[in-house]
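Letter by letter, the chains look like this.
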Amino acid sequence: MAEWFFRKKSKGEVERDPGWDEYFTSNRSTDESLVREAIQNSLDAHAKVDDLWAKQQPARVRFFYSGTTKALAKDAYAKYLVGAAEHYAAEDCKIGVLPDGDCPYVAIEDFNTTGLTGHPDWDYTNIKKKPPYYRFFWSENQSEKGEGTRGKWGIGKVVFPIASRLRSFFAYSIRNEEPRELLCGKALLSYHTVNGQRYSADGWWGLQNKGEGVPETDAAVLSAFKTEFNLQRTNESGLSVVVPFVKALDWDSLKLVLVENYMVSFVRGELQVELENGDGDKAVFDAEHLDDIE
């Protein structure tokens, strides 16, 4: 059964604090960071799709912010804490006071895209061109995207755990390869101590195989996850990211970021964005709704 795993620090391992919090708080708000990092990579993933019909459609990105109204009940979220609760509670893990009660979250989904392609069981250590699955989960501040692409899955993806009060996120992806569906989670804490043992900053939610983290692929687990976090994805390829206990987002600020950064993409028909929150507010941004954009 999927749960959280943290690697024990080895004796000769140097501890480093990457300082991502300072980078994002000093450069962008949570609203701007989430919108820009999600959309820019969705646009690049859209450019790589092979399906002719999907390629002719705009990249579609959906943001669902639960707020407190549609927050996941505390009891329902409990299973996503298994293996991590004592790590979150460690004094030196950077979380501080643990959030309690129901879990507000944001779900960010893209469609007409490729998803996190790449087989999770392969060893990509000595392979120069690594696939999106590996880049998304197993590398930071590295990218093979060239000039002219909008996002690099290098630094930007770190915004997902930074936006969470638990410094964690989950990613569900459908790809046109086997395993077609997969679900994983990552935590970015800091080096911390639990019961006298020092642990690495990185946590993995999923399964383990010979000490290696592998994604959850059980259909029942995936179906429950999609229902609990209000995902729209059914069988379409793409990526759905869920940030639990997300820091408060501002509805008007989200809309402003979209207008200021992506109006050209909307006009050109390259992008469609759907905003929805737990209070029932909805907004669509695309070429057909330009007159509705405030």
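Computed from a predicted structure; not experimentally measured.

Draft legend 1. Focus on the overall build of the protein chain. Scanning the protein chain from N- to C-terminus turns up nine helices and 11 strands. Looking at the protein chain as a whole, 52% of its 294 residues qualify as buried. As displayed, the protein chain has an accessible area near 14,400 Å², and 48% of this comes from carbon and sulfur atoms.

Draft legend 2. Structural view of the packing of aromatic side chains. Applying the stated criterion across every chain, the model contains 22 aromatic pairs. When the centroid spacing of 5.5 Å and the interplanar angle of 55° are considered together, the rings of Tyr 133 and Phe 137 count as tilted. Pair noted here: Tyr 133 and Phe 137 are both in helix 6 (residues 132-138), with a separation of four residues, about one helical turn. For Tyr 133, a relative accessible area of 2% translates into the label buried. Within the aromatic cluster, the residues linked to one another by ring pairs are Trp 4, Phe 6, Phe 64, Tyr 77, Tyr 80, Tyr 88, Tyr 105, Phe 170, Trp 205, Phe 225, Phe 229 and Phe 245. Across the ring face of Phe 111, the terminal group of Arg 60 is positioned such that the distance to the ring centre comes to 4.0 Å. Its guanidinium or amino end placed over the ring of Trp 138, Lys 186 lies 5.8 Å from that ring's centre, counting from NZ or CZ.

Draft legend 3. Spotlight on the confidence of the model for the protein chain. A residue-level look at the protein chain finds 89% of positions with pLDDT of 70 or above and a mean pLDDT of 87. Within the model, pLDDT remains below 50 along residues 146-154, and this stretch shows 25 contacts once partners closer than five positions in the same chain are excluded.

Draft legend 4. Broad picture of the side chain of Glu 109. Position of Glu 109 among the secondary structure elements: in strand 3 (residues 105-111). A polar contact of 2.9 Å, which involves the side chain of Glu 109, links it to the backbone nitrogen of Gln 232. For Glu 109, the side chain forms a polar contact with the side chain of Ser 240, separated by 2.8 Å. Residues in contact with Glu 109, not counting those within four places in the same chain, are Arg 60, Val 61, Arg 62, Leu 231, Gln 232, Arg 233, Leu 239 and Ser 240.

Draft legend 5. Local environment of the side chain of Asp 286. Inspection of the secondary structure assignment puts Asp 286 in the segment after strand 11 (282-285). Of the side chains with opposite charge, Arg 60 lies nearest to the buried Asp 286, which makes no salt bridge, at 8.9 Å. One polar contact links Asp 286 to Gln 272, side chain to side chain, over a distance of 2.7 Å.

Draft legend 6. Representation of the pattern of salt bridges in the model. Per the counting criterion, the structure on display carries 11 salt bridges. Here Glu 276 makes a salt bridge to Arg 62, at a shortest N to O gap of 3.7 Å. With Glu 276 in strand 10 (residues 271-277) and Arg 62 in strand 2 (residues 59-65), the pair connects residues that are 214 residues apart, well separated along the chain. Since its relative accessible area comes to 18%, Glu 276 is described here as buried. You can call Arg 62 buried: its relative accessible area is 2%. Between Glu 228 and Lys 79 there is a salt bridge, with its nearest N and O atoms 2.9 Å apart. Note that Glu 228 is positioned in helix 8 (residues 219-228) and Lys 79 in the loop between helix 4 (74-77) and helix 5 (85-88), a separation of 149 residues in sequence. Judged by its relative accessible area of 32%, Lys 79 is partly exposed. The structure contains a network of salt bridges with shared partners spanning Glu 15, Asp 92 and Arg 198.

Draft legend 7. Highlighting the environment of Tyr 105. Position of Tyr 105 among the secondary structure elements: in strand 3. When the C-alpha positions of Tyr 105 and Val 246 are compared, they lie 5.0 Å apart, and in sequence the two are 141 residues distant.

Draft legend 8. Main features of helix 9 (residues 251-267). Under the 1.5 Å per step criterion, the end-to-end length of helix 9 is 22 Å for 17 residues, consistent within 8% with the ideal 24 Å. Roughly 65° is the biggest bend found in helix 9, and it falls at Asn 261. For helix 9, every residue scored as buried is listed here: Trp 251, Leu 254, Lys 255, Val 257, Leu 258, Tyr 262, Ser 265 and Phe 266. Structurally, helix 9 contributes buried residues whose contacts are with helix 2 (30-47), strand 10 and strand 11.

Draft legend 9. Quick look at unusual backbone geometry. Omega for the bond connecting Glu 178 with Pro 179 falls within 30 degrees of zero, at -10°, which places this linkage in the cis form. Looking at the secondary structure, you find Pro 179 in the loop between strand 4 (168-174) and strand 5 (181-188).

Draft legend 10. Inspection of the packing of helix 2 against helix 9 at higher detail. Following both chains from N to C, one finds helix 2 and helix 9 inclined at 30°, their axes separated by 9 Å at the closest point. Like other packed secondary-structure pairs, helix 2 and helix 9 cross with a definite hand, here right-handed. On helix 9, the residues touching Asp 31, Glu 32, Val 35, Arg 36, Ile 39, Gln 40 and Leu 43 of helix 2 are Ser 253, Leu 254, Val 257, Leu 258, Asn 261, Tyr 262 and Ser 265. Among the residues forming the contact of helix 2 with helix 9, the class breakdown is seven nonpolar, four polar and three charged.

Conventions used here
- Residues numbered from 1 in each chain as written.
- Predicted model: local features only at pLDDT ≥ 70, side-chain atom pairs only at ≥ 80, totals over all residues.
- Heavy atoms only, no water.
- Helix = DSSP H or I, 4+ residues; strand = E, 2+ residues; numbered from the N terminus.
- Buried < 20%, exposed > 50% of the residue type's maximum accessible area, 1.4 Å probe, protein only.
- Areas by Shrake-Rupley, 256 points an atom, 1.4 Å probe, with all protein chains shown as cover.
- Phe/Tyr/Trp six-rings, centres within 6.5 Å; stacked < 30°, edge-to-face > 60°.
- Lys NZ or Arg CZ within 6 Å of the ring centre and 35° of its normal.
- pLDDT = per-residue confidence, 0-100.
- Contact = heavy atoms within 4.5 Å.
- Polar contact = N/O pair within 3.5 Å; in protein donor to acceptor, adjacent residues only side chain to side chain.
- Lys, Arg positive; Asp, Glu negative; His and termini not counted.
- Salt bridge = Lys/Arg side-chain N within 4 Å of Asp/Glu carboxyl O.
- Expected span 1.5 Å × (residues − 1).
- Bend = angle between axes of the 7 residues up to and from the residue.
- Axes fitted to C-alpha atoms, helices over the stretch in contact; angles between N-to-C directions.
- Left-handed = near helix turned anticlockwise from the far one by under 90°.
- Nonpolar A, V, L, I, M, F, W, Y, C, P; charged D, E, K, R; others polar.

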